[in-house]
Structure formats: C-alpha cells, structure tokens
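An overview of the molecular structure
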Amino acid sequence: MNINTNYQNISDSYLFSTIAKKVNEFAQKNPDKKIIKLGIGDVTLPLCKVVVESLKKASDEMGVKETFRGYGPEQGYEFLKSQIKEYYASHKVGLEADEIFISDGAKSDLGNILDLFSQDNTVLVPDPVYPVYVDTNTMAGRKIIYIDANADNNFLPLPDDSVKADIVYLCSPNNPTGAVYDKEQLKKWVDYANKNGAVILFDSAYECFITDSSLPRSIYEIEGAKTCAIEFCSLSKMAGFTGTRCGWTVVPKALADGVLNKMWLRRQTTKFNGVPYIIQRGAEAVFTSEGQKEIQENLNYYKENAKIISDVLKKHNIWHIGGKHSPYIWLKCPNNMSSWEFFDYLLENIQIVGTPGSGFGKNGEGYFRLTSFGSRENTIEAVERLDKFLD
Ligand code: PLP
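Residues numbered from 1 in each chain as written. Predicted model: local features only at pLDDT ≥ 70, side-chain atom pairs only at ≥ 80, totals over all residues. Heavy atoms only, no water.

Per the counting criterion, the structure on display carries 20 salt bridges. For the salt bridge of K362 with D148, the shortest nitrogen-to-oxygen distance reads 3.0 Å. In this pair, K362 sits in the loop between β12 (355-356) and β13 (367-371) while D148 sits in strand β4 (residues 143-148), placing the two residues 214 residues apart along the sequence. Judged by its relative accessible area of 59%, K362 is exposed. (Salt bridge = Lys/Arg side-chain N within 4 Å of Asp/Glu carboxyl O. Helix = DSSP H or I, 4+ residues; strand = E, 2+ residues; numbered from the N terminus. Buried < 20%, exposed > 50% of the residue type's maximum accessible area, 1.4 Å probe, protein only.)

Put into structure tokens, the structure is as follows:
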C-alpha cells in the first residue's frame with residue numbers, strides 16, 4: 001500500500017498541547033496558585049432540562065418493542081428537520097426539508113463535504129482561522145490560498161476580484177476573532193462566488209450568539225446565497241451539545257442545479273448511518289419554546305461573562321473585538337508583546353490562561369483569544385486580577 005502523503009504536509013498542532021504543558025509545569029512549581037482558564041473553547045453549562053427529559057424519554061422508547069428504532073434515515077428524522085426548517089423560517093429563510101441534513105456536528109461535515117469537490121479546486125481561507133478548514137484540505141492535497149484578516153479590515157476580509165478561488169470558507173461569528181459580517185459585507189462574498197462559480201462553505205456554528213436582528217445569522221438571509229453557499233451549523237455551542245453531538249448542514253437545491261444536494265445525499269447514505277434517534281429527540285427539544293427559553297438563559301450567561309471581560313479591557317484601553325455576538329474576545333497584546341509572550345506574562349503574573357492568537361495563523365501574531373465559557377465566579381476573579389495588574 002501507499003499512504004496518503006498529503007498527511008505529511010499537515011502542520012502538527014502544538015497549540016493546545018503547548019498550552020497544557022506550560023500550564024502543568026507552572027502548576028507543579030506553584031501548587032498554591034489558582035490558575036483560571038479563559039482559553040476553553042468548550043461549553044461548561046449542562047444540557048437544559050427539556051433536552052434531558054427528551055433524551056430520557058427517547059431512551060425509554062428504545063427499550064420497548066413497539067417504539068424501538070433501528071437504522072433511521074441517514075439524513076435525519078423528519079421531526080428534527082421540520083423543527084430546523086421552522087427555526088430558519090423564524091429569521092425569514094425559507095428552506096425545504098430535503099435541503100437540511102442532520103449530522104453529528106459541524107466539524108465532521110466541514111471535512112466530509114470535501115468529498116464532493118475535485119482535488120484541483122483552489123481553496124480560499126481567511127487568516128487567522130479555525131484550523132479544521134486548512135487541515136482537511138491539506139489532507140486532500142488541495143491548494144490553499146489565504147486572505148488577510150487584520151485590524152485594518154476589522155478581521156472581516158472582503159473579496160478581491162483579482163483572486164481566483166473555487167471554494168471559500170467563511171465563519172461568522174468568527175472563531176477565533178468573534179468578528180461578525182453584516183449583510184452588506186456578506187452580499188459582497190455572495191456576489192463574488194456567484195460571479196466566479198465558487199462555492200462558499202459558511203460556518204455558522206456561533207449564529208446563536210447574534211442578538212442584533214440586523215446582523216445575518218444565516219448566509220441565506222443574503223439574496224443570491226442559495227446558488228453559491230452551503231451552510232454548516234451546530235447545537236454544540238447553541239445548546240451545549242459538544243459531548244452529545246448534533247448539528248446540520250444545508251445544501252440548497254438551487255446550488256449547481258441541485259447536483260450538490262443529490263451528491264451530498266448520496267455521500268451521506270453511503271458513508272454515514274445517521275445521528276442516533278435518542279440524540280435527535282434531544283435536539284428536537286432545543287427548538288421547542290421551552291427549549292429556546294432555556295438555551296437562551298445559558299447563552300445570556302456566557303454573553304454576560306464576555307461583557308465582564310470586555311469591560312475591563314475597555315477600561316484599560318486594550319484594543320479588542322468580539323464578545324458581543326460571540327463567546328470569543330480577540331485582543332491586541334499590550335506593549336507589542338507577541339502572543340506567546342503575553343501568554344507567559346499572564347500565566348506567570350496573574351495565573352490566567354488564554355489562547356495565543358498566533359496559533360490560528362500568521363495574522364494572529366500579537367493577538368490573544370479569551371473565551372466566555374468559564375464560570376461566572378472564575379470570570380469575575382480573572383477580571384479582578386486583570387484590572388489590578390493592568391493598572
Ligand atoms: N466550527 C467552528 C468555527 C468551531 O469553532 C467549532 C468548534 O469549536 C466547530 C465548527 C465544531 O463544531 P461541532 O462541535 O458541531 O463539531
């Protein structure tokens with residue numbers, strides 16, 4: 001056999017292992033010091049009550065002959081797809097149920113979708129970026145070009161007509177920067193894609209953090225998007241499903257005359273056997289009015305944490321974006337420190353752990369990501385330490 005040598009081109013991801021190593025070393029040398037982690041990209045609040053009840057009820061059904069379910073439809077049960085359809089309708093996006101495909105989360109589908117595209121496509125990726133887009137394309141041997149996201153464009157790069165790309169990744173609200181495209185900006189990308197015959201892979205995993213109704217939560221709020229975009233969404237951050245696993249992908253039938261929708265169905269029915277019935281029942285509960293109310297309480301909790309962090313940065317005139325419509329706060333390291341210098345500085349002096357921006361791409365150098373997924377108590381304590389230290 002010959003191995004896929006493209007794997008040799010993936011850069012080893014040392015980011016989180018280096019963070020863990022530095023934190024462990026510090027903790028061993030300073031056992032009396034309390035370290036607060038504001039770097040976590042995972043949710044910390046538990047699943048809401050209606051979801052848990054629904055999961056339990058579905059588990060009971062599975063133990064009774066009359067209600068037991070075996071293989072389900074690979075693309076998801078109608079009961080969940082119709083809830084998601086309604087969810088889109090609530091922000092004025094009309095979809096058909098067979099344009100929605102239930103998945104075990106956005107990460108798998110973001111990688112799997114590449115089965116549909118030829119290897120000779122050129123991929124355009126904003127830098128800094130969620131590393132999965134780069135690694136999955138590198139594994140497939142595709143050419144990747146980068147577009148700079150930086151302070152000059154508020155980390156929201158716009159298309160450049162002189163750049164030719166076939167597959168474009170956009171993530172809004174963005175990980176790691178928390179920046180959110182407005183409708184006018186997204187329209188520019190949609191026009192670029194339609195004009196160039198490109199496809200936009202739109203990652204909306206954090207759309208639930210958007211509260212300003214003028215900002216788009218789905219790319220399909222933009223006229224023309226159905227002929228050029230595939231959207232990936234997830235219940236991970238929306239409803240705490242990071243360990244439960246459920247999301248969805250929208251492949252509109254207007255895209256490439258329905259070819260991609262048919263190909264994705266074929267791909268999923270061939271390589272995937274669906275999300276467990278029990279999990280889909282849990283996901284269904286998220287979209288009930290009680291579920292929406294309960295998840296909103298959790299989202300508000302994270303958003304309040306983000307505000308607490310943002311307020312202290314404002315007080316000390318530290319440039320930052322994000323936090324308002326995102327769990328991420330992206331700040332410029334003070335005194336022109338590099339990302340890792342600032343990491344060490346915070347750990348050594350006030351025992352706060354964040355994520356060095358340089359781990360997300362070259363434009364992340366000199367920046368730092370904090371998240372609002374910690375507990376309120378820890379967030380307040382971290383902010384008090386920052387406040388004193390930055391004085
Ligand atoms: N997309 C982005 C931008 C993310 O940050 C994450 C997770 O952190 C994902 C997708 C993965 O989501 P899921 O848990 O649904 O696989």
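Read on for the rest.
Moving on, we get to the sheet that holds β12. Across the sheet, which stays open at both edges, the four strands sit in the order β9-β10-β13-β12 with antiparallel pairing between neighbours. The outermost strands of the open sheet, each flanked by one partner alone, are β9 (320-322) and β12. As defined by bridge partners, strand β10 (residues 328-332) adjoins β13 across five bridges and the pair is classed as antiparallel. Bridging across to β13, L331 finds its partner in F368. Against the sheet, helix α11 (residues 339-350) touches β10, β12 and β13, its axis set at about 50 degrees to β13. (Pairing = 2+ DSSP bridges. Contact = heavy atoms within 4.5 Å. Axes fitted to C-alpha atoms, helices over the stretch in contact; angles between N-to-C directions.)

Two quantities define a packed helix pair, namely the angle between the helix axes and the distance between the axes. Where helix α3 (residues 78-90) meets helix α9 (residues 277-286), the closest approach of the two axes is 9 Å, and the angle between their N-to-C directions is 30 degrees. Accordingly, the angle class assigned to the pair α3 and α9 is roughly parallel. Crossing handedness for the pair α3 and α9: left-handed. Listed contacts from α9 to F79, L80 and Q83 of α3 are Y277, Q280, R281, A283 and E284. (Parallel < 35°, antiparallel > 145°, perpendicular 65-115°, else oblique. Left-handed = near helix turned anticlockwise from the far one by under 90°.)

A few words now on α3. Taking 1.5 Å per residue, 13 residues should reach 18 Å; α3 reaches 18 Å between its end C-alpha atoms and fits that length. Where α3 is concerned, the buried positions are F79, L80, K81, Q83, I84, Y87 and Y88. Those residues of α3 that are buried are in contact with β2 (100-103), β7 (229-234), α7 (236-239), β8 (247-250), α9 and α10 (289-315). Two residues or fewer after α3 comes K92, characterised by a positive phi angle close to 60 degrees. (Expected span 1.5 Å × (residues − 1).)

A word on the domain arrangement of the protein. Put simply, an interface is often sized by how much accessible area is lost when its parts join up. Considered domain by domain, the protein is made up of domain 1 (14-43 + 292-390) and domain 2 (49-287). Taking only C-alpha atoms, the centre of domain 1 and the centre of domain 2 are 27 Å apart. In this complex, domain 1 contributes 26 residues to the contact, which on the side of domain 2 involves 35 residues. Carbon and sulfur atoms make up 59% of the surface buried where domain 1 meets domain 2, a total of about 2,500 Å² over both sides. When residues of domain 1 are sorted by the area they lose upon contact with domain 2, H325, F360 and N363 head the list and together hold 25% of the total. At the junction of domain 1 with domain 2, the criterion picks out one salt bridge. (Domains from an automatic or database assignment. Buried area = accessible area lost by both parts, 1.4 Å probe.)

With that settled, consider helix α5 (residues 132-139). With respect to burial, α5 is a largely interior element, six of its eight residues being buried. Of all the residues in α5, the buried ones are V132, Y133, V134, T136, N137 and T138. As for α5, its buried residues are in contact with α4 (106-112), β3 (122-127), β4, β5 (167-171) and β6 (199-203). Residue G141 follows α5 closely and has a positive phi angle near 80 degrees.

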